[in-house]
Amino acid sequence: MNGKYIVALDQGTSSCRAILVSQQGDIVAIEQEEFTQHFPKAGWVEHDAEEIWEVQLKMFRQLLHNQGIQAGDVLGIGITNQRETTVVWNKHTGQPIHKAIVWQDRRTAPICEDIKQSGHDGYIYENTGLVVDAYFSGTKVKWILDNVPDARAMAAKGDLCFGTMDSWLIWKMTNGKSHVTDYTNASRTMLYNIRTLEWDPKILDLIEVPAGILPRVQPSASEFGLFEIDDVSIPICGVAGDQQSALFGQACFSAGMAKNTYGTGCFLLMNVGKEFVQSKNGLLTTLCCDANGQVCYGLEGSIFIAGAAIQWLRDGLQVIESSPDSENIASAVADNHDVVVVPAFAGLGAPYWNMYARGAIFGLTRGTERSHLIKGTLDSLAYQTRDVIDAMAEDAGQPLEMLKVDGGACANSYLMQFQADILGTPVERPEVIETTAMGAAYLAGITLGLWNSELIESNRKVDRVFKSTMSEEERKSLYTQWKKAVERTLDWVDA
Ligand code: ADP
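### Re the sheet that holds strand 17 (residues 284–289)
Okay, so step 1: Ordered by their spatial adjacency, seven strands build an open sheet running 17-18-16-15-21-22-23, and the pairing between neighbours is mixed. Only two strands of the sheet have a single partner each, and these edge strands are strand 17 and strand 23 (462–466). If you compare each strand with its neighbour and ignore which way they point, the axes differ by 30 degrees on average.
Okay, so step 2: Pairing of strand 15 (residues 258–262) with strand 16 (residues 266–273), which is carried by five bridges, proceeds in the antiparallel orientation.

Dropping the structure here:
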């Protein structure tokens, strides 16, 4: 192999990947390996940060080896990572003082309750853009400092570093020279003031996190340090959290552009531009990247159950053999037969925030068939997406012109067509759905001066644009039926 490349490191929740990207912006090769998930108690989820580093390094080396290239052929590295997962390490030994606490981990829920009781949640929402929740890093750092013997004393002496997975990997790659993160990752810690773009002293005080352990925060497209390997130094020059990286990889560079990732759940992110926007509809405000990989604002809404509802059809009800089978079955029926499925299996997230809601199927008659149930379940992914998009448009004060999609379930063309129909907005599916990794690669390429936003836009190939063919009247009638169904699932279980 000849030539020079960018490598994207994608440090996900279940695996580490290394992706080789050519200077033309094409994916040349991907290496991937899973690492261990630890569940020490109900509701607790941990990762071994040392293992993650080893697997990530192994994937990098394997990528070079299998493609027959040298470290010196890599012009720069971009990193994208699972967000919020928290690691604290000893800066002298380079060893974590505790396993990393994963974003899914609920152990700090009581700390969050205390913060809410003390009435500080309003300040936190207004300044970090986040609702107080165990999901974010802040209370996880506090838990580690409070529960590891001597940790507070070590932090006071300046012996400890805190970071999300990007910080940890960069620190390892630079042999401890860089303790840094980017704006998008910092904005998920619940410690970072996204209005002033500084760690928030008031919140640090409240959650008892010493400022000395925090990384320096930089733009996503900037120089984070040099990866020293095989006698060469490769610049690490692009970093973004996974959802923001996907938004960038989808070329959502300006205000009003949004992407939806259809995976187990759905993650919607909309670029809202250079001004902070406070949601009035239960969405989060978060930091994203503008066309130059510099900081801007975004609105984010998550849907808990999306592809998971299709897995439920397959594994729970056993009415389909595989997830892709749902496409042909749903396409073959003329209409939903008035069947509406609300997959509120784990309560409802944005914009309802009702944890007491539970799933339900409405409109059953003697004429209801398995296919209606399957169609209704697929449709629920599109309805839930519309709920969040409507909230975003209202908060942003501008309608969505186009929805860009990625994630496993966007391969389902029936679903994408129904999504366009129920939104009344075109839905654009890219050829390359590896948008998360491409975001990190693009950010690195921008810093290196290889690419700019125009080049990235022109490199992004569209597989298909789905345009609405539904009448306004039908859209309204279906969506009204959905809203009525949701209404009836709320507060189903007692508080
Ligand atoms: P994650 O990253 O959350 O693991 P993926 O992006 O890999 O998710 O997408 C997998 C999810 O998408 C699964 O929940 C699966 O049921 C669903 N899925 C995959 N292909 C299809 C399809 N063709 N139609 C509907 N759902 C699908």
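Now that the structure is up, let's keep going.
### Brief notes about helix 10 (residues 307–316)
Okay, so step 1: Within helix 10, burial applies to Gly 307, Ala 308, Ala 309, Ile 310 and Leu 313.
Okay, so step 2: Contacts from the buried residues of helix 10 go to helix 11 (325–332) and helix 12 (370–396).
Okay, so step 3: Gln 318 sits one or two residues past helix 10 and shows a positive phi near 55 degrees.

### Concerning the pattern of salt bridges
Okay, so step 1: Tallying each qualifying case throughout the model produces 26 salt bridges.
Okay, so step 2: Here Asp 390 ties to Arg 386 by a salt bridge, and the two come within 3.0 Å at their closest N and O atoms. Of this pair, Asp 390 and Arg 386 both sit in helix 12, separated by four residues, roughly a single helical turn.
Okay, so step 3: Overall, Asp 390 belongs to the partly exposed group, its relative accessible area being 30%.
Okay, so step 4: Across the salt bridge formed by Lys 483 and Asp 387, the nearest N and O atoms sit 3.7 Å from each other. Note that Lys 483 is positioned in helix 16 (residues 472–489) and Asp 387 in helix 12, a separation of 96 residues in sequence.
Okay, so step 5: The class for Lys 483 is partly exposed, based on a relative accessible area of 35%.
Okay, so step 6: Judged by its relative accessible area of 4%, Asp 387 falls in the buried class.
Okay, so step 7: Through salt bridges with shared partners, one network takes in Arg 83, Glu 84, Arg 188, Asp 242 and Glu 300.

### Looking at the sheet that holds strand 1 (residues 5–11)
Adjacent strands of a sheet form backbone hydrogen bonds with each other and so pair up, either parallel or antiparallel.
Okay, so step 1: Taken in spatial order, the six strands line up as 3-2-1-5-14-13 in an open sheet, and their pairing is mixed. Two strands close off the open sheet at either side, each with one partner strand: strand 3 (27–34) and strand 13 (225–229). Between one strand axis and the next, the sheet turns through 25 degrees on average, direction left out of account.
Okay, so step 2: Of the strand pairs in this sheet, strand 1 and strand 5 (residues 74–81) are connected by seven bridges, and their pairing is parallel. Along strand 5, the bridge assignment pairs Ile 6 with Gly 76.

### Let's talk about the nonpolar core
Taken as a class, soluble globular proteins show a tendency for nonpolar side chains to be buried jointly.
Okay, so step 1: Within the largest apolar cluster, 93 residues are counted, with the highest numbers of intra-cluster contacts made by Leu 160, Ile 213, Tyr 262 and Leu 403.
Okay, so step 2: Among the elements that line this core, the one with the most residues is helix 12, at nine residues.
Okay, so step 3: Discounting chain neighbours no more than four positions away, the residues touching Ile 213 are Val 141, Leu 145, Ala 155, Leu 160, Cys 161, Phe 162 and His 179.
Okay, so step 4: Core analysis: the second largest hydrophobic core is formed by 38 residues, Trp 53, Leu 64, Trp 168 and Ile 234 among them.

### Things to note about the side chain of Lys 172
Okay, so step 1: For Lys 172, the location among the structural elements is in helix 6 (residues 165–173).
Okay, so step 2: By relative accessible area, which is 16% here, Lys 172 ends up buried.
Okay, so step 3: Those residues in contact with Lys 172 that lie beyond four places of it in its chain are Glu 50, Trp 53 and Gly 94.

### Considerations on the site of the ligand
Okay, so step 1: Neighbouring residues of the ligand: 14 residues in total, closest Thr 264, Gly 307, Ser 323, Gly 408 and Asn 412.
Okay, so step 2: Asn 412 is positioned with one of its side-chain polar atoms (N or O) 3.0 Å from a nitrogen atom of the ligand.
Okay, so step 3: About the coverage of the ligand: the protein hides 66% of its 580 Å² of free accessible area.
Okay, so step 4: Examining the composition of the shell around the ligand, we find that four residues originate from one element, helix 10, more than from any other.
Okay, so step 5: Partitioning the shell around the ligand into residue classes produces five nonpolar, nine polar and no charged.

### Brief notes about the layout of surface pockets
Okay, so step 1: Computed from the structure, the second largest pocket encloses a volume of approximately 230 Å³.
Okay, so step 2: Along the wall of the second largest pocket there are 18 residues; nearest its centre are Ala 334, Asp 335, Lys 375, Glu 474 and Leu 478.
Okay, so step 3: Within the residue set of the lining of the second largest pocket, elements represented by two or more residues are helix 11, helix 12, helix 13 (413–423) and helix 16.
Okay, so step 4: Here the residues of the lining of the second largest pocket sort into eight nonpolar, four polar and six charged.

### Observations concerning the environment of Ile 19
Okay, so step 1: The residue Ile 19 is located in strand 2 (residues 15–22) in this model.
Okay, so step 2: Along the sequence, Ile 19 and Thr 36 sit 17 residues apart, while their C-alpha atoms lie 21 Å from each other.
Okay, so step 3: The residues touching Ile 19, leaving out its near neighbours within four places in the chain, are Ile 6, Val 7, Ala 8, Asp 10, Ile 27, Ala 29, Ile 30, Leu 63 and Ala 437.

### With respect to the packing of helix 9 (residues 242–249) against helix 14 (residues 435–447)
Okay, so step 1: Where helix 9 contacts helix 14, the two axes come as close as 7 Å, and the packing angle between them is 75 degrees. Taken together, the axis directions place helix 9 and helix 14 in an arrangement best described as roughly perpendicular. Every residue of helix 14 that contacts helix 9 at Asp 242, Ser 245, Ala 246, Phe 248 and Gly 249 is listed here: Thr 435, Thr 436, Met 438, Gly 439, Ala 440, Tyr 442, Leu 443 and Ile 446.
Okay, so step 2: Among the residues making up the contact of helix 9 with helix 14, the classes are represented as seven nonpolar, five polar and one charged.

Reading the values: the criteria
- Residues numbered from 1 in each chain as written.
- Predicted model: local features only at pLDDT ≥ 70, side-chain atom pairs only at ≥ 80, totals over all residues.
- Heavy atoms only, no water.
- Pairing = 2+ DSSP bridges.
- Helix = DSSP H or I, 4+ residues; strand = E, 2+ residues; numbered from the N terminus.
- Axes fitted to C-alpha atoms, helices over the stretch in contact; angles between N-to-C directions.
- Buried < 20%, exposed > 50% of the residue type's maximum accessible area, 1.4 Å probe, protein only.
- Contact = heavy atoms within 4.5 Å.
- Salt bridge = Lys/Arg side-chain N within 4 Å of Asp/Glu carboxyl O.
- Core = buried A, V, L, I, M, F, W, Y, C linked by side-chain atoms within 4.5 Å.
- Near = heavy atom within 4 Å.
- Polar contact = N/O pair within 3.5 Å; in protein donor to acceptor, adjacent residues only side chain to side chain.
- Areas by Shrake-Rupley, 256 points an atom, 1.4 Å probe, with all protein chains shown as cover.
- Nonpolar A, V, L, I, M, F, W, Y, C, P; charged D, E, K, R; others polar.
- 1 Å grid on protein atoms, 1.4 Å probe; cavity = no way out; pocket = protein on both sides within 12 Å on 5 of 7 lines; lining within 4 Å.
- Points joined across faces, edges and corners; volume = space filled by probe spheres on them.
- Parallel < 35°, antiparallel > 145°, perpendicular 65-115°, else oblique.

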